Amino acid sequence: MPNLFTLVLQIAVVVVVCRVAGTLFQKIHQPRVVGEMFAGIMLGPSLLGWVAPHFSAYLFPASSLGFLNALSQVGVIIFMFLVGLGINPRELKSQGHAAVLTSHASITAPFVLASCLALYLYPRLSDDSVAFTSFALFMGAAMSITAFPVLARILSERNMLGSRLGTVAIACAAVDDVTGWCILAYIIVLIRSSHAGTPIWLTLGGVVGFALLMIYGVQRALNRFAISFEKRGELSENMVAFVLVLVLVSALCTEALGIHLLFGSFLMGAIMPKEQKFVRYLLDRFETVTVTLLLPLFFAFTGLRTNITLVKGFEMWLYCALIVLVATAGKLGGSMLASSLAGMPVREAAGLGTLMNTRGLMELVILNIGLDIRVISPALFSMMVTMALITTFMTSPVLELLCPEEMKRAVAPPERSREVALNPATSNAVGN
Amino acid sequence: MSRLNKNFVIAYVSLVVLPIFGLVGILRRGQNLKAPTSVDGVWTIQAAATTGTMPSCMSALGLALDTPFTISQSGKNLVINAGKIGGTGLIEGTTLQAPLKPAETLLPAPNCGDDGSVLLTATAAAKASPRMLSGELSLANCPSCESVKFHAIAQASTQKEGAQ
């Protein structure tokens, strides 16, 4: 049984620290989520545990962390459902050549650069229980992800959602996230198959079969929710509870199939009806508790696992700097190069690259999975979290420098604007 | 094929298709790389038959044979925790070395050296299943103090795969 006093105390402290940090970061024109990520790190061994080890041990005793983790993971399951809810397959289909090229290059460039870096880091930060292929693919997936909700929030705050730049960025980020999660699913299958002795084709076949069932079977049934909502203007409490159960069942299915709980919840979100009012309604039902309570617990748990003191000495900080450099060069540089080759003005292309370099919360989710399956070491985890913080933090100021007012006013074609307008509902919820 | 489409295809091949081939090359090249021997995990310590108990000098520092060692590994860097005592160390090849100190500052017991730390030296058995370590715990700066030879067996993985 959890020590309820400790657990409730932890929750109270985490919520207060995250709210305060989020508010302070908003004052320096950063999305609230960046402040909350920093707050999580501050509560961990990197600051609180270092400055006040006895208080830290009292507040976060090792025996209590399992409960904190369980609560935070429930939050991430719902968060991934909300991210999936914000992704509109119609929008992905309607991309122009420029967006297709940019989105694909913004995955391959960081992926290949990260794999090159893996050649250097593997003998230094990994061990022989991890296969190089798993290590390199994980590094690639982790560096090629874009924080779709945070990016949408940044665009929303800058009134750039309907701009040409905003439209392409949202579409590319959505493609990146879907691709990144598919690659990550493959890596998990690869690692778990080798541990469990299950043939990889069996696991992959099961996953593909489940995805097809969801897309072509369950998705049609889900339209009844939208029809009911259209008739009554709301869903009954039972129906909302049923949606939640579907998310959990889908998560359990992907876990049982050998990938991860989060893929199921993401997939359930992705196949939900995309009518704007319906999406907004569901977000209103799920976002408050997730954003104000459960996600801060996830940030705190991530912070408790992040130990910057493991990154010590010139050599380790050099690795950390290389990771930040490669991640930025791959994502920002790759997106910028591709979009300029596709005809986008250089300044605008640089703005797009900066937006795509936002990793935020999605990166933390991926890194936690990597640490859980032990494909990355604790020191590398801390370095990658540092990279996620830096690349997310730099987005707003760099964008401010790069994007003058006329760029914000450059409007996307009407059809695309309408399509995009469906998505950013999510940004207000989880990208705050 | 229109000029626009031709340019798109060229750009796509250069920025997407070719890098994927490059990735395959990188993954092949990486197969030959050697990473440090894995000692990450929780280890159950058993003293060698000749000694059987922990010398009083080491007990005074908080070392106990019934407390498992937890090793957290990042490449060749190790963080070792054994209850009331812990420290950082290195693994070179299959040999690991780590000075362990009590978490709280303690005065060294009489005739137990003046350093108040224990040196852990061990060798990992290559490709053993379950993984094994054999080595010695000795008091730093105390050549006359008794050392303890030990074997350690890695406990079944405690990783939380799928338990998130």
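No experiment lies behind these values; they were computed from the predicted model shown.

Definitions and cut-offs
- Residues numbered from 1 in each chain as written.
- Chains lettered and ligands numbered in written order.
- Predicted model: local features only at pLDDT ≥ 70, side-chain atom pairs only at ≥ 80, totals over all residues.
- Helix = DSSP H or I, 4+ residues; strand = E, 2+ residues; numbered from the N terminus.
- Contact = placed C-beta atoms within 7 Å.
- Buried ≥ 20, exposed ≤ 12 C-beta atoms within 10 Å, placed from the backbone.
- pLDDT = per-residue confidence, 0-100.
- Axes fitted to C-alpha atoms, helices over the stretch in contact; angles between N-to-C directions.
- Left-handed = near helix turned anticlockwise from the far one by under 90°.
- Nonpolar A, V, L, I, M, F, W, Y, C, P; charged D, E, K, R; others polar.
- Core = buried A, V, L, I, M, F, W, Y, C linked by C-beta atoms within 7 Å.
- Parallel < 35°, antiparallel > 145°, perpendicular 65-115°, else oblique.
- Expected span 1.5 Å × (residues − 1).
- Pairing = 2+ DSSP bridges.

1. Some words on the overall build of chain B
- Within chain B one finds 2 helices and 8 strands.
- Starting at the N terminus, the α and β elements of chain B follow one another as α-β-α-β-β-β-β-β-β-β.
- Pairs at least 24 residues apart make up 48% of the contacts formed inside chain B by residues separated by at least 6 positions.

2. Here's the deal with the overall build of chain A
- Scanning chain A from terminus to terminus reveals 21 helices and 0 strands.
- Per-residue burial for chain A yields a buried fraction of 58% across its 432 residues.

3. Some points on the confidence of the model for chain A
- With 90% of its residues at a pLDDT of 70 or more, chain A shows a mean pLDDT of 86.
- Considering only residues more than four positions removed or in separate chains, one finds that residues 414-429 of chain A, a stretch of pLDDT under 50, has 47 contacts.

4. Structural notes on the packing of helix α15 (residues 313-341) of chain A against helix α16 (residues 346-356) of chain A
All names here are of chain A.
- Where α15 meets α16, the axes come as close as 7 Å, and the angle between the chain directions of the two elements is 145 degrees. By crossing handedness, the relation of α15 to α16 is classed as right-handed. Across the interface between the two elements, Lys-331, Leu-332, Gly-333, Ser-335, Met-336, Ser-339 and Ser-340 of α15 pack against Val-346, Ala-349, Ala-350, Leu-352, Gly-353, Thr-354 and Met-356 of α16.
- For the contact of α15 with α16, the class distribution of residues is 7 nonpolar, 6 polar and 1 charged.

5. A few points about the interface of chain B and chain A
- Tallying the contact residues gives 31 residues for chain B and 39 residues for chain A.
- Counting residues per element, the ones that place at least two in the side of chain B that touches chain A are α1 (3-30) and β2 (69-74) of chain B.
- With 13 residues, α1(B) is the largest single contributor of residues to the side of chain B that touches chain A.
- The residue inventory of the side of chain B that touches chain A, partitioned by class, reads 13 nonpolar, 13 polar and 5 charged.

6. Some remarks on the nonpolar core
- Among the nonpolar cores identified, the biggest contains 152 residues, and Leu151(A), Ala169(A) and Met384(A) are the most heavily contacted of them.
- If you look at the next biggest cluster of nonpolar residues, it comprises 30 residues, including Val39(B), Ile85(B), Ile91(B) and Val148(B).

7. Description of the packing of helix α12 (residues 237-256) of chain A against helix α13 (residues 261-271) of chain A
All names here are of chain A.
- One way to put it is that α12 packs onto α13 with a least axis distance of 6 Å and a crossing angle of 135 degrees. When the axes of α12 and α13 are compared, the pair comes out oblique. Remark: the crossing between α12 and α13 carries right-handed chirality. Between α12 and α13, the residues in contact are Leu-246, Val-247, Ser-250, Ala-251, Leu-252, Cys-253, Thr-254 and Glu-255 and Leu-261, Phe-263, Gly-264, Ser-265, Leu-267 and Met-268, respectively.
- For the contact of α12 with α13, the residue count by class is 9 nonpolar, 4 polar and 1 charged.

8. As for helix α1 (residues 4-27) of chain A
Residue and element names in this part refer to chain A.
- Along its 24 residues, α1 runs 35 Å from first to last C-alpha, staying within 8% of the 34 Å computed at 1.5 Å per residue.
- For α1, every residue scored as buried is listed here: Gln-10, Val-14, Val-17, Cys-18, Ala-21, Gly-22 and Phe-25.
- Turning to α1, the residues buried within the fold contact α2 (32-43), α4 (53-59), α5 (65-86) and α14 (276-305).
- Count one or two residues on from α1 and you reach His-29, which has phi positive near 60 degrees.

9. Structural notes on the sheet that holds strand β5 (residues 95-102) of chain B
Residue and element names in this part refer to chain B.
- Pairing in this closed barrel of 8 strands is antiparallel, and the strands run β1-β2-β3-β4-β5-β6-β7-β8 around the ring. The mean angle between the axes of side-by-side strands here comes to 30 degrees, regardless of whether they run parallel or antiparallel.
- Here 6 bridges tie strand β7 (residues 132-139) to strand β8 (residues 148-154), and the two strands are oriented antiparallel to one another. When the sheet's bridge partners are listed, Leu-137 is paired in β8 with Val-148.

10. A word on α5(A)
- End to end, α5(A) covers 31 Å across 22 residues, agreeing with the expected 32 Å (1.5 Å per residue, within 8%).
- Within α5(A), 16 of the 22 residues are buried, leaving the element largely enclosed by the surrounding structure.

11. A word on the confidence of the model for chain B
All names here are of chain B.
- Averaged over every residue, the pLDDT of chain B is 81; residues scoring 70 or more account for 83%.
- Put simply, helix α2 (residues 56-60) is where chain B has its lowest mean pLDDT, 75, and β2 is where it has its highest, 92.
- For residues 158-164, every residue scores under 50 in pLDDT, and the model assigns this stretch 12 contacts once sequence neighbours within four places are set aside.
- Complex prediction metrics read pTM 0.85 and ipTM 0.86.

12. So, the pairing of strand β1 (residues 41-47) of chain B
Residue and element names in this part refer to chain B.
- Note that β1 and β2 share 3 bridges and pair antiparallel. Following the sheet pairing, Gly-41 is matched in β2 by Ile-71.
- Bridge count between β1 and β8: 5 bridges; the pairing is antiparallel. Counterpart to Ala-47 in the pairing with β8 is Phe-150.

13. Considerations on unusual backbone geometry
Residue and element names in this part refer to chain A.
- At His-29, a position not held by glycine, the phi torsion is positive, near 60 degrees.
- Within the secondary structure, His-29 sits in the loop between α1 and α2.
- Non-glycine residue Arg-374 carries a positive phi angle of around 65 degrees.
- The residue Arg-374 is located in the loop between α17 (360-372) and α18 (378-402) in this model.
- The exposure class assigned to Arg-374 is buried, which follows from the 23 C-beta atoms found within 10 Å.

14. Some thoughts on the environment of Thr309(A)
Residues and elements named next belong to chain A.
- Of note, Thr-309 is situated in the loop between α14 and α15.
- Under the C-beta neighbour-count criterion, Thr-309 is labelled partly exposed, with 15 such atoms within 10 Å.
- Along the backbone, Thr-309 and Met-336 are 27 residues apart, and their C-alpha atoms lie at a distance of 34 Å.
- Excluding its chain neighbours within four sequence positions, the residues that come into contact with Thr-309 are Pro-45, Ser-46 and Trp-50.

15. Brief notes about the environment of Trp181(A)
All names here are of chain A.
- Within the secondary structure layout, Trp-181 lies in helix α10 (residues 164-196).
- A sequence separation of 36 residues divides Trp-181 from Ile-145, and the C-alpha atoms of the two residues are 8.3 Å apart.
- Look past the residues within four positions of Trp-181 in its chain and what remains in contact with it is Phe-263 and Phe-266.

16. Description of the pairing of strand β6 (residues 118-124) of chain B
Residue and element names in this part refer to chain B.
- The two faces of β6 differ: Val-118, Leu-120, Ala-122 and Ala-124 on one face are buried, but Leu-119, Thr-121 and Thr-123 on the other face are not.
- As defined by bridge partners, β5 adjoins β6 across 6 bridges and the pair is classed as antiparallel. Each residue of the ladder has a partner; that of Thr-95, found in β6, is Thr-123.
- As judged from the 7 bridges shared by β6 and β7, these two strands associate in the antiparallel manner. Bridge pairing in β7 links Leu-119 to Ser-138.

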